[in-house]
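Listed below are the residues making up each chain.
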Amino acid sequence: AVLDLVEENVTALSMSSPPITHPLFDGYKTMLVEEVRIYMTRRDLPQIELLTASTDDGRIVGFLLFALVQNDVQECNIYYSAVQKKYRRQSIMNNMMQVILGISPSIGLSCDIVMVPIYKRFGFRVVTGRETQVVMFIGNPTGITPVIDPTDLGKLEVVDTAFSRAIQRSNMNDIRRADRTMKADLMARKVKVRNFVKVNG
């Protein structure tokens, strides 16, 4: 159910924000799903935790993936979170965040600029930029949490297969055009984040 939510929110969750119209979207989607799957299932990543929100009948409609580090205080770094579209604006994200706020006095995350006002309501402040996202903190987290290398994800057979199939179904000119558009969009978003942090950091 969590991976289904990831699939539904690829453009919002992925750092590269591939549009659904990109000919290789299925490859990008598979890569993100496999990343979250690894975080949830690998035994050598013991700090990773998963918080879910469900309906009265047990259907998972939201999740928050985070990692804990024990320093002077227990720190928390939020990786990914999403709520199913039809259940948004029903305080689900608020309820999950209240759990996280109760776990740790020192929390870090990165998010799209449009999410900054939402996280500010929980007490987060703008710290810096990270590629196309704004880094926000509560307290001053300094601990290192596990991060999966995107290069390693690209080597997974299921990811390679998804990209290969998408390439076979597509016209190379369409792929190149979509890549140029996505690259230009990413560059524009990076500049926007840098300028935003200068004003709000």
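Cut-offs applied
- Residues numbered from 1 in each chain as written.
- Predicted model: local features only at pLDDT ≥ 70, side-chain atom pairs only at ≥ 80, totals over all residues.
- Heavy atoms only, no water.
- Buried < 20%, exposed > 50% of the residue type's maximum accessible area, 1.4 Å probe, protein only.
- Helix = DSSP H or I, 4+ residues; strand = E, 2+ residues; numbered from the N terminus.
- Pairing = 2+ DSSP bridges.
- Right-handed = clockwise from strand over helix to strand, strands pointing away.
- Axes fitted to C-alpha atoms, helices over the stretch in contact; angles between N-to-C directions.
- Contact = heavy atoms within 4.5 Å.

Asks: Help me get a handle on the pairing of strand 4 (residues 106-111), residues and values and all.
Replies: For strand 4, the buried fraction is high: five of the six residues fall into the buried class. With three bridges connecting them, strand 3 (residues 74-83) and strand 4 associate as parallel partners. Bridge pairing in strand 4 links Glu75 to Ser106. Between strand 3 and its parallel partner strand 4, the chain crosses via helix 4 (residues 92-103), and the hand of that crossover is right-handed.

Asks: Please set out unusual backbone geometry residue by residue, giving values where relevant.
Replies: The backbone phi angle of Ser17 is positive, close to 45°, even though this residue is not glycine. Mapped onto the elements of the fold, Ser17 is located in the loop between helix 2 (10-13) and helix 3 (25-41). Taking the relative accessible area as the measure of exposure, Ser17 reaches 10% and is therefore buried. Positive phi is not limited to glycine here, since Glu131 has a value of about 55°. Note on placement: Glu131 falls in the loop between strand 5 (125-130) and strand 6 (133-138).

Asks: Account for the sheet that holds strand 6, naming residues and giving values.
Replies: Read from one edge of the open sheet, six strands run 1-2-3-4-6-5, paired in mixed fashion. The two strands at the open ends of the sheet, each matched to only one other strand, are strand 1 (48-54) and strand 5. Taken pair by pair, the neighbouring strands of this sheet meet at an average axis angle of 25°, ignoring direction. Set on the sheet, helix 8 (residues 172-200) makes contact with strand 5 and strand 6; between it and strand 5 the angle comes to about 150°.

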